[in-house]
Structures are given as C-alpha cells and as structure tokens.
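For reference, the chains in residue letters:
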Amino acid sequence: MSEDGAADAAAAPRPPSRDELAAATERVLNRGGWSNPDVLLVRHQGRPMAVKDFAPRSGWVRRRLAPWLSAREGRAWQALLGHPAVPHFLGRIDRLAFAVEYRPGDTLFRARGQPLPDSFLAELEAAVAEMHRRGVVHGDLSNRTNVLRDAAGHPVLIDFGSALVFRPGSLGARWLLPALAALDRRALRKWHAKQVKRLGA
C-alpha cells in the first residue's frame, strides 16, 4: 500500500457490524440475483458507504459460494487501496459482506446519450493501466454500469466481482495477466469507438 493509501486507511470509518447494518441501510442500490449480492447504500459514522451483502441469498449460496466470492472480490479492492479512480475499501462486515466508500456518479449506461468530457477516456485508460500495474484485471469493463462519471467528470471504477488478482512477480502475473488485461483494454477501445461515433468524428 502507498503512504497515501495507508493514511486514507487510518482516516477511513469502519464498516457497520452485522447487527448495525439494517438500521444503517438507507436504500437498496441494486437487488442481486440468485448468486449475486445486494448492493446497499448505508450511512454509518456519518459517512455514506456501499455494502455488498450476500445474506439475502439462499442457504446453499450463503454457505458454499458467497464466502468465496466475497473474499475474492475483497482481495481486488484491497489491492487497489489508494487508487484514485477506485472507491476506498473499508473492510469486511462478515463472511458474506464488505463495505467500500460510496462515490456517487452517473454510469456510462445513463450517460450514453451525452458526450463524455474530452479528458475522460484518457483518464479512464490511465486508471485501468494503474489497476493492471497493481496486478488486478477487472474482467467486466464492457458493462457500462461498472464505470461511473463523477460530478467533476472523472472516471470511477466499481464492481470487482469478476476481477482476478495476481501477485506481482508470480507466474500468473507474467503469463496470464497480460492476456487478460488486453481484454480490459479491448473494452476501452470499444468505448472510444462509440464516443467517436457519437460525436460524428
């Protein structure tokens, strides 16, 4: 973790406990399917947070699948601590849930009818390159709901449920990460092509 990331971690609020979660929940941002978590907007210690929670799923999913999926995604968020385009990971609530900083913004799905700021795609490419440098492949950047445009026009990367994390210097980092990172970059090229077409260039 960088010095800035360590400082942010020290200043970050803790996530609510399981007992505190229901009272702290303001609304459901996204209702998950049979094997996906609910995403909740939570206010705790005076701060808004996004919580991904598998608790409403079936008993089989809670016992067998959810702990593994939650831990895997948590590793991606932890690897990206201090990344300026990624909400801050606040910690695990239990085996079924974790919390991250809530950063409001429009998804590219909602913003698709509006031109993006000139610098947006360049910033997005830089953000994804830094993500790859940290050994994380997103795996679902073609989904327009996984990239936000914040109020200042900057990109925000969210939802690392499909992400893979490679330890720097490992065999996977040397052989698999470059190939998988190319898929993330391919998704960015598609965004760029759509933007050019939208602007009539």
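Our structure's up above, just so we're on the same page.
Cut-offs applied
- Residues numbered from 1 in each chain as written.
- Predicted model: local features only at pLDDT ≥ 70, side-chain atom pairs only at ≥ 80, totals over all residues.
- Heavy atoms only, no water.
- Buried < 20%, exposed > 50% of the residue type's maximum accessible area, 1.4 Å probe, protein only.
- Helix = DSSP H or I, 4+ residues; strand = E, 2+ residues; numbered from the N terminus.
- Pairing = 2+ DSSP bridges.
- Salt bridge = Lys/Arg side-chain N within 4 Å of Asp/Glu carboxyl O.
- Contact = heavy atoms within 4.5 Å.
- Axes fitted to C-alpha atoms, helices over the stretch in contact; angles between N-to-C directions.

*Asks:* So what's going on with the pairing of strand 3 (residues 47–53)? Residues and values would help.
*Replies:* If a strand is regular, its side chains alternate between the two faces of the sheet. In terms of residue burial, strand 3 counts as a mostly covered element, since five of its seven residues are buried. Alignment of strand 2 (residues 38–44) against strand 3, held across seven bridges, turns out to be antiparallel. Looking at strand 3, one finds that leucine 41 is bridged to alanine 50. Counted between consecutive antiparallel strands, the loop separating strand 2 from strand 3 contains two residues, among which glutamine 45 sits at a positive phi close to 55°. Relative to strand 5 (residues 97–101), strand 3 runs antiparallel, the two being bridged by five bridges. Across the sheet, residue valine 51 finds its bridge partner in strand 5, namely alanine 99.

*Asks:* Can you break down the pattern of salt bridges residue by residue, with the values?
*Replies:* Evaluated as defined, the whole model comprises eleven salt bridges. Salt-bridge contacts for glutamate 20 lead to arginine 14; the nearest nitrogen and oxygen are separated by 3.2 Å. For arginine 43, the salt bridge identified is with glutamate 26, shortest N-O distance 3.0 Å. Linking arginine 43 in strand 2 with glutamate 26 in strand 1 (residues 25–30), this pair joins segments that are 17 residues apart in sequence.

*Asks:* For the pairing of strand 2, give the residues involved together with the corresponding values.
*Replies:* Of all seven residues in strand 2, six are buried, a share of seventy percent or more. Sheet analysis places strand 1 next to strand 2, joined by four bridges and oriented antiparallel. In the sheet register, threonine 25 faces strand 2, and the bridge partner there is valine 42.

*Asks:* An account of the side chain of serine 35 is needed here, citing residue identities and associated values.
*Replies:* Mapped onto the elements, serine 35 comes out in the loop between strand 1 and strand 2. The exposure class assigned to serine 35 is buried, which follows from its relative accessible area of 15%. Those residues in contact with serine 35, other than ones at most four positions away along the chain, are Phe54, Arg57, Val61, Leu65 and Leu69.

*Asks:* Explain unusual backbone geometry to me, using residue names and the numbers behind them.
*Replies:* Even without glycine at this site, glutamine 45 takes up a positive phi of about 55°. Its place among the elements puts glutamine 45 in the loop between strand 2 and strand 3. A relative accessible area of 47% places glutamine 45 in the partly exposed class. For aspartate 159, which is not glycine, the phi dihedral falls at a positive 60°. Relative to the assigned elements, aspartate 159 resides in the loop between strand 9 (155–157) and strand 10 (164–165). Judged by relative accessible area, which is 31%, aspartate 159 ranks as partly exposed.

*Asks:* Just give me the short version of the sheet that holds strand 5, but keep the residues and values in it.
*Replies:* Spatial ordering of the open sheet is given by 1-2-3-5-4, a layout of five strands whose pairing is antiparallel. Where the open sheet ends on each side, the last strands, each with one partner, are strand 1 and strand 4 (89–94). Ignoring strand direction, the axes of neighbouring strands in this sheet form an average angle of 25°.

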